[in-house]
Amino acid sequence: MKALKTLALALALLLALSACGVIRSGDGPAQAAGGSAPGEESGPAEGSLPPEEMPDELYLLQIGALKGPTAMGLVQMMERRGPTASIYFWEFALAGSADELTPAFIKGDLDIICVPANLAAVLYNKTEGQIVTLAVNTLGVLYIVENGGESVQSMADLKGKTIAAAGKGSTPEFGLRYLLEQNGLDPDRDVAVDWKSEHAECVAALAAGTADIALLPQPFVTVAQGKLENLRVALDLTEEWDALDNGSAMITGVAVARRELVEERPELVDKFLMEYAESVEWVHENTAGAAELVAQNGIIESPAIAEKALPRCNIVCLTGQEMYEKLSGYLQVLAEAAPESVGGVLPRDDFYYGA
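Residues numbered from 1 in each chain as written. Predicted model: local features only at pLDDT ≥ 70, side-chain atom pairs only at ≥ 80, totals over all residues. Heavy atoms only, no water.

(A) Local environment of the overall build of the protein chain. Tallying secondary structure elements over the protein chain gives 14 helices and twelve strands in all. Counting every position in the protein chain, which comprises 355 residues, the buried fraction comes to 54%. Residue pairs in contact within the protein chain that sit at least 24 positions apart in sequence constitute 80% of those at least 6 positions apart. Accessible surface for the protein chain amounts to roughly 14,900 Å². Of this, 47% is attributable to carbon and sulfur atoms. (Helix = DSSP H or I, 4+ residues; strand = E, 2+ residues; numbered from the N terminus. Buried < 20%, exposed > 50% of the residue type's maximum accessible area, 1.4 Å probe, protein only. Contact = heavy atoms within 4.5 Å. Areas by Shrake-Rupley, 256 points an atom, 1.4 Å probe, with all protein chains shown as cover.)

The structure is reproduced here in structure tokens:
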């Protein structure tokens, strides 16, 4: 992390940072979001400190998130502009798939990313323990949807079917495989999965009639239902998981940080988690306003659809022991079913921040 000199004028914040070479080059993922977008002119945020009261040092955090529930809980933070008493501020990058975020994260161009839960374990093993999970940010949001039919009423009914899906190698694939196996099906022989690169492609396939059944997370279920009047939710995979009564919970997404950040600037991590929790709470209490921000940041195009989807997205900010219990149980189940889903071995306790 690079310390910044005290800024003389809040209005000149972005210009000053660029002149000092603090903002990193744009070779990272996708689009910037929120008030710190490069080149965007803006005044100080509501609640920003006047120049004479700013901290001696400010720190820039680079945060990446996927377009979906893992980003939706952050939208209040995306809206804030300028430094506050938090002693840091942030720049966001949104991406359609985790493959766009992880290279920049491993390289150090991103400090914190919000990604599928099992991918966090894979990254921990791949980097030899150089990442730490800060929070669970999304519980189960996966659904089997069927367009224009009612043939799927149970997991067993998926036998012989083709499912359009995205998220190969992450939570959607391993969650689906586990549930199929637990319901007596062979995922490799009894079901065909047409893997897409993004969930939006699954929605397009349903709309084009090239797929009748898809595995979709929220908010894409709501997006698809807005386009297809005969699309129905056939199975809630969270309910299917809970019905197994195996002592674990289905988890979709987590926020992870580089260990270097955690060890060298723990106060920044704690401030981030505090403001993240506040943002999640605000999203739950201000659905209409949050929906507008979700649309403004390109997470979902329509504020109306975002408002319908938000209550169904299971957005949370679970930290400490609660995070540890839920996430470790979920990863244990995945590891027993498919060790490769967590990178070969379960992460050690230093994977869990504050637990």
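Here the narrative resumes, following the displayed structure.
(B) Representation of the packing of aromatic side chains. Enumeration according to the criterion identifies six aromatic pairs in this entry. Ring plane angle 45° and centroid distance 5.4 Å describe the contact between tryptophan 241 and tyrosine 330, whose orientation is recorded as tilted. Of this pair, tryptophan 241 sits in helix α9 (residues 237-243) while tyrosine 330 sits in helix α14 (residues 320-337), and the two are 89 residues apart along the sequence. Each member of the pair, tryptophan 241 as well as tyrosine 330, carries the same accessibility label: buried. Considering the side-chain rings of phenylalanine 351 and tyrosine 352, the 4.9 Å spacing of their centres and the 85° angle between planes classify their relative orientation as edge-to-face. (Phe/Tyr/Trp six-rings, centres within 6.5 Å; stacked < 30°, edge-to-face > 60°.)

(C) Spatial organisation of the pattern of salt bridges. Using the criterion set out here, one finds ten salt bridges in the structure. Its salt-bridge partner being arginine 258, residue glutamate 260 comes within 2.8 Å of it at the nearest N-O pair. A relative accessible area of 38% places glutamate 260 in the partly exposed class. Residue class for arginine 258 comes out buried when judged on its relative accessible area of 11%. Shared partners join several salt bridges into a network, and the residues in it are Asp111, Arg258 and Glu260. (Salt bridge = Lys/Arg side-chain N within 4 Å of Asp/Glu carboxyl O.)

(D) Quick look at helix α12 (residues 287-296). All of the buried residues in α12 are Ala290, Ala291, Leu293, Val294 and Ala295. Just downstream of α12 lies glycine 298, where phi reads positive at about 75°.

(E) Geometry of the packing of helix α5 (residues 117-126) against α14. At their nearest, the axes of α5 and α14 sit 10 Å apart, and the two run at 80° to each other. Viewed along their axes, α5 and α14 adopt a mutual orientation that is roughly perpendicular. Residue-level inspection shows Ala117, Asn118 and Ala121 of α5 in contact with α14, the latter providing Leu327, Tyr330, Leu331 and Leu334. Of the residues contributing to the contact of α5 with α14, the split by class is six nonpolar, one polar and no charged. (Axes fitted to C-alpha atoms, helices over the stretch in contact; angles between N-to-C directions. Parallel < 35°, antiparallel > 145°, perpendicular 65-115°, else oblique. Nonpolar A, V, L, I, M, F, W, Y, C, P; charged D, E, K, R; others polar.)

(F) Up close: the pairing of strand β6 (residues 142-147). For β6, a buried count of five out of six residues is recorded, marking the element as mostly surrounded by other parts of the structure. Here five bridges tie β6 to strand β9 (residues 213-217), and the two strands are oriented antiparallel to one another. Of the residues in β9, the one forming a bridge with leucine 142 is proline 217. In this sheet, strand β10 (residues 231-236) lies alongside β6 in antiparallel orientation, the contact comprising five bridges. When the sheet's bridge partners are listed, asparagine 147 is paired in β10 with leucine 231. (Pairing = 2+ DSSP bridges.)

(G) Region of interest: the side chain of arginine 259. The residue arginine 259 is located in helix α10 (residues 259-264) in this model. The buried category is assigned to arginine 259, whose relative accessible area is 11%. Once residues within four sequence positions are removed from consideration, arginine 259 is found in contact with Tyr124, Gly129, Gln130, Ile131, Val132, Asp350 and Phe351.

(H) Highlighting the packing of helix α6 (residues 171-182) against α14. Interhelical geometry of α6 versus α14 gives an angle of 70° and a closest axis separation of 10 Å. Compared by their axis directions, α6 and α14 come out roughly perpendicular. Judged by the twist between their axes, the crossing of α6 over α14 is left-handed. On α14, the residues touching Thr171, Phe174, Tyr178 and Glu181 of α6 are Tyr330, Val333, Leu334 and Ala337. Split into classes, the residues belonging to the contact of α6 with α14 amount to six nonpolar, one polar and one charged. (Left-handed = near helix turned anticlockwise from the far one by under 90°.)

(I) Up close: the side chain of threonine 138. Structurally, the position occupied by threonine 138 is in strand β5 (residues 131-139). Since its relative accessible area comes to 0%, threonine 138 is described here as buried. A polar atom in the side chain of threonine 138 sits 2.8 Å from the side chain of asparagine 137. Once you skip the residues sitting within four places of it in the chain, threonine 138 turns out to touch Pro69, Thr70, Ile251, Thr252, Gly253, Cys313, Asn314 and Val316. (Polar contact = N/O pair within 3.5 Å; in protein donor to acceptor, adjacent residues only side chain to side chain.)

(J) Structural view of helix α11 (residues 266-285). Compared with an ideal rise of 1.5 Å per residue, which puts 20 residues at 28 Å, α11 spans 29 Å between its outermost C-alpha atoms and is within 8% of the ideal. Within the span of α11, buried status applies to Leu268, Val269, Phe272, Leu273, Glu275, Tyr276, Ser279, Val280 and Val283. (Expected span 1.5 Å × (residues − 1).)

(K) Layout of the nonpolar core. Counting residues in hydrophobic clusters, the biggest one holds 54 residues, and the most contacted among them are Ile144, Leu158, Leu237 and Leu327. For this core, the element with the highest residue contribution is α14, accounting for seven residues. Residue contacts for leucine 237: discarding those within four places in its chain leaves Leu142, Ile144, Met155, Leu179, Leu215 and Met250. In this structure, Met77, Cys114, Leu268 and Ile299 belong to the second largest nonpolar core, which totals 43 residues. (Core = buried A, V, L, I, M, F, W, Y, C linked by side-chain atoms within 4.5 Å.)

(L) Representation of unusual backbone geometry. Geometrically, the link from glutamine 218 to proline 219 is a cis peptide bond, its omega value of 5° lying close to zero. Positive phi, close to 50°, is recorded for aspartate 245, a residue that is not glycine. Here aspartate 245 shows up in the loop between α9 and β11 (251-258). Residue asparagine 314 is not a glycine yet carries a positive backbone phi of 50°.

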